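The residues making up each chain are set out below.
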Amino acid sequence: MSARQRVRLRSCILLGFACLLSIFMLCSGFDGPHNLKPDLYSAGSADSSQGPSNHDNLLLTEAQCREAFPGFDGEIVEAKALGPFDLPFKEHGVVLQAKIENDELYIISAPGKGDLSATMLHRQSATIHQLYRAIKTSPEPLPNTSFAFGTQDRPVDASLSFARPIISPSRKRIFPMPHFSFWSWPLPFINSLPAAARAIAALEDTLPFAAKDPRAVWRGTTWFNNGAGSHPRLRQDLVATAAGSLWADVQALRWETNSREARNALPIQDFCRYRYIIHTEGIGYSGRLQFHQLCESVVLSPPLEWMQHTTHLIRPAFSSTLLGRADTSRYPSAYERKGWPREYPVEDANMVFVASDWSDLGETVRWLEDHQDVAAGIARRQRETYHGGGYLSPAAEVCYWRALLRGWNQVARPVGEKWHQPGVPFEEYVSGREDGR
Ligand SMILES: *[C@@H]1O[C@H](CO)[C@@H](O)[C@H](O)[C@H]1NC(C)=O
């Protein structure tokens, strides 16, 4: 490609982006940060069915973000509290290294086709697009900062990652970033979080909790466990526990093509048709959780061992307490308690943690069915938090990215000259220009 073609391509992309932005501004009635009506910010007035909402507004200022999404930056606060750390430049590896200078995004090094699978390359591309959107819609300048992010389930130290282990003895510096599905997840039964949120809203509008399927649903790939972790057969055990039970609709996915089409897969919104949704982490976090959190359903999960950027908004009730066995049950274990020291009374809870060997799963479902007002309350509070509070909305996503870049910049100390390379502007990088090093 000639230099002139490159310039022309870059102008086209920028023009396209500017058009999209103007359309967005027209549609959302946005006319400048100072003219936003104050009632658009109150976190409670969140329901998209109740008129205009700030949840689609990508142009909130830092102060407006805080007001609209209280506590949304819990993970950033926690990561920052560990103090400053060195950010060495990695010559080879699975992280993308980039910097922001004068609100422009430059890619310094990125793993390519020879380094990452097509799935991982998609995640990397989706993530860098999200970042760019958050930078370009920021009404305030962002700090110059250098950073690294990885898209693997296992996070690399000193990086942004989709999740961090809830307990990290080595005090690794891992900053959770929004999941790639906020941009896209090209599986036919998912597509993206915003697409799923719309489908779920349509479903929830017409399906009250009491009318939902009273069973607990799960679909998944049984071998996809953390072999080295505390529950190496978590998923097989679930299928075995639920087999033949009337309270369960638990099925191992029967893949027809290479992890793209499965005969018994459910469109992601259809999980919300059930009163109970069983959640399992995999090799690491499970990207499905945030989709299930948009449902007005009770999510039943072993205590989570991975924190995504909104996991801290979970207010768990423990099955052992619901069933009146807190004194005698082996669950939660001391390790699980350490990760989740706080237990919420059922009137406040928005999720239920069950025994991680599934030994009380059936009883818990039965208990919730016998106490349907409690179950309905937990389900309602989950949707109120994650949908009503807007924490998974496009506005919250860009707010979080910007807070993340600011927070990261306060503690990350890039080491070495390599970080000072010019890098490739995002616009050129995404239109095919390779790392120029
Ligand atoms: C960011 O970096 C650019 C280029 O080095 C510099 O001109 C600018 O002053 C920096 N901005 C801030 C806020 O430090």
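Computed from a prediction, not measured in an experiment: that's the story for all the values here. (Residues numbered from 1 in each chain as written. Predicted model: local features only at pLDDT ≥ 70, side-chain atom pairs only at ≥ 80, totals over all residues. Heavy atoms only, no water.)

Digging into the environment of P414
Okay, step 1: Summarising the element assignment, P414 is placed in strand β15 (residues 412-415).
Okay, step 2: Sequence separation between P414 and T145 is 269 residues; the distance between their C-alpha atoms is 8.7 Å.
Okay, step 3: Once residues within four sequence positions are removed from consideration, P414 is found in contact with L87, S146 and W419. (Helix = DSSP H or I, 4+ residues; strand = E, 2+ residues; numbered from the N terminus. Contact = heavy atoms within 4.5 Å.)

Some words on the site of the ligand
Okay, step 1: Looking at the ligand, the residues that line it are E101, N102 and N144.
Okay, step 2: Here an oxygen atom of the ligand and a side-chain polar atom of N144 are 2.3 Å apart. (Near = heavy atom within 4 Å. Polar contact = N/O pair within 3.5 Å; in protein donor to acceptor, adjacent residues only side chain to side chain.)

Focus: the packing of aromatic side chains
Okay, step 1: This model, assessed by the stated rule, comprises 15 aromatic pairs.
Okay, step 2: Between F162 and F180 the ring centres are 5.4 Å apart and the planes differ by 65°, which places this aromatic pair in the edge-to-face class. Here F162 is found in the loop between β5 (159-161) and β6 (164-165), whereas its partner F180 is found in the loop between β7 (174-176) and α5 (193-206), with 18 residues between them in sequence. Judged on exposure class, the residue F162 and its partner F180 are both buried.
Okay, step 3: Among the aromatic residues, those joined into a cluster by ring pairs are F162, F180, W185, Y285 and F291.
Okay, step 4: A cation over an aromatic ring shows up here: R275 above the ring of F209, its NZ or CZ 6.0 Å from the ring centre.
Okay, step 5: Here the guanidinium or amino end of R337 rests over the ring plane of F318, the centre of that ring lying 4.8 Å away. (Phe/Tyr/Trp six-rings, centres within 6.5 Å; stacked < 30°, edge-to-face > 60°. Buried < 20%, exposed > 50% of the residue type's maximum accessible area, 1.4 Å probe, protein only. Lys NZ or Arg CZ within 6 Å of the ring centre and 35° of its normal.)

Remarks on the packing of helix α4 (residues 118-136) against helix α12 (residues 394-411)
Helix packing for two helices is described by the angle between their axes and how far apart those axes are.
Okay, step 1: Closest axis-to-axis distance for the α4/α12 pair is 9 Å, and the angle between their directions is 90°. Our classification of the angle between α4 and α12 gives roughly perpendicular. Across the interface between the two elements, T127, Q130, L131, R133, A134 and I135 from α4 touch E397, V398, W401, R402 and L405 from α12.
Okay, step 2: Across the contact of α4 with α12, the residue classes break down as six nonpolar, two polar and three charged. (Axes fitted to C-alpha atoms, helices over the stretch in contact; angles between N-to-C directions. Parallel < 35°, antiparallel > 145°, perpendicular 65-115°, else oblique. Nonpolar A, V, L, I, M, F, W, Y, C, P; charged D, E, K, R; others polar.)

Things to note about α4
Because an α-helix completes one turn every 3.6 residues, residues spaced three or four positions apart along the sequence face the same direction.
Okay, step 1: For α4, spanning 19 residues, the distance from its first C-alpha to its last is 27 Å, which sits close to the expected 27 Å at 1.5 Å a residue.
Okay, step 2: Among the residues of α4, M120, R123, Q124, A126, T127, I128, Q130, L131, Y132, R133, A134 and I135 are the ones counted as buried. (Expected span 1.5 Å × (residues − 1).)

Re the pattern of salt bridges
Okay, step 1: Taken as a whole and judged by the stated rule, the model has 21 salt bridges.
Okay, step 2: The residue R337 makes a salt bridge to E343 at a minimum N-O spacing of 3.4 Å.
Okay, step 3: By relative accessible area, E343 is classed as partly exposed at 26%.
Okay, step 4: Residues joined by salt bridges that share partners form a network here, namely D213, R215, R219 and D249. (Salt bridge = Lys/Arg side-chain N within 4 Å of Asp/Glu carboxyl O.)

Topic: unusual backbone geometry
Okay, step 1: Here the residue pair Y331 and P332 is connected by a cis peptide bond, since its omega of -5° sits within 30 degrees of zero.
Okay, step 2: The topology assignment puts P332 in the loop between α8 (319-322) and α9 (334-339).

A few points about the nonpolar core
Across soluble globular proteins, nonpolar side chains show a tendency to be buried alongside one another.
Okay, step 1: Core analysis: the biggest nonpolar cluster contains 87 residues, and F69, L105, F147 and L160 have the highest contact counts within it.
Okay, step 2: Of all the elements, α12 adds the most residues to this core, at eleven residues.
Okay, step 3: Counting only domains with at least three residues in this core, you end up with domain 1 (3-183 + 391-434) and domain 2 (193-370).
Okay, step 4: W218, L238, A242 and V298 belong to the second largest nonpolar core, which has 26 residues in total. (Core = buried A, V, L, I, M, F, W, Y, C linked by side-chain atoms within 4.5 Å. Domains from an automatic or database assignment.)

Some remarks on α12
Okay, step 1: Its 18 residues place the ends of α12 26 Å apart at the C-alpha level, agreeing with the 26 Å of an ideal helix rising 1.5 Å per residue.
Okay, step 2: Most of α12 sits out of view: 15 of its 18 residues are buried.

A word on the confidence of the model for the chain
Okay, step 1: Mean pLDDT over the chain: 88, with 86% of residues reaching 70 or higher.
Okay, step 2: Long-range and interchain partners of residues 18-52, a stretch whose pLDDT sits below 50, account for 37 contacts in this model, where long-range means more than four residues apart. (pLDDT = per-residue confidence, 0-100.)

Re the state of the cysteines
Okay, step 1: Summed over all chains, the structure comprises two disulfides.
Okay, step 2: Covalently, C65 is tied to C399 through a disulfide, its sulfur atoms 2.0 Å apart. In this structure, the disulfide formed by C65 and C399 twists by about -75° around the S-S bond and is classed as left-handed. Note that C65 is positioned in helix α2 (residues 62-68) and C399 in helix α12, a separation of 334 residues in sequence. C399 shares its class with C65; the two are buried.
Okay, step 3: Here the cysteine-cysteine linkages of the chain are recorded as 1-4, 2-3, numbering only bonded cysteines and doing so in sequence order. (Disulfide = S-S within 2.5 Å.)

Structural notes on the side chain of Q97
Okay, step 1: As for its position among the elements, Q97 is in strand β2 (residues 95-101).
Okay, step 2: Look past the residues within four positions of Q97 in its chain and what remains in contact with it is P88, F89, K90, I107, I108, S109, F147, A148 and W419.

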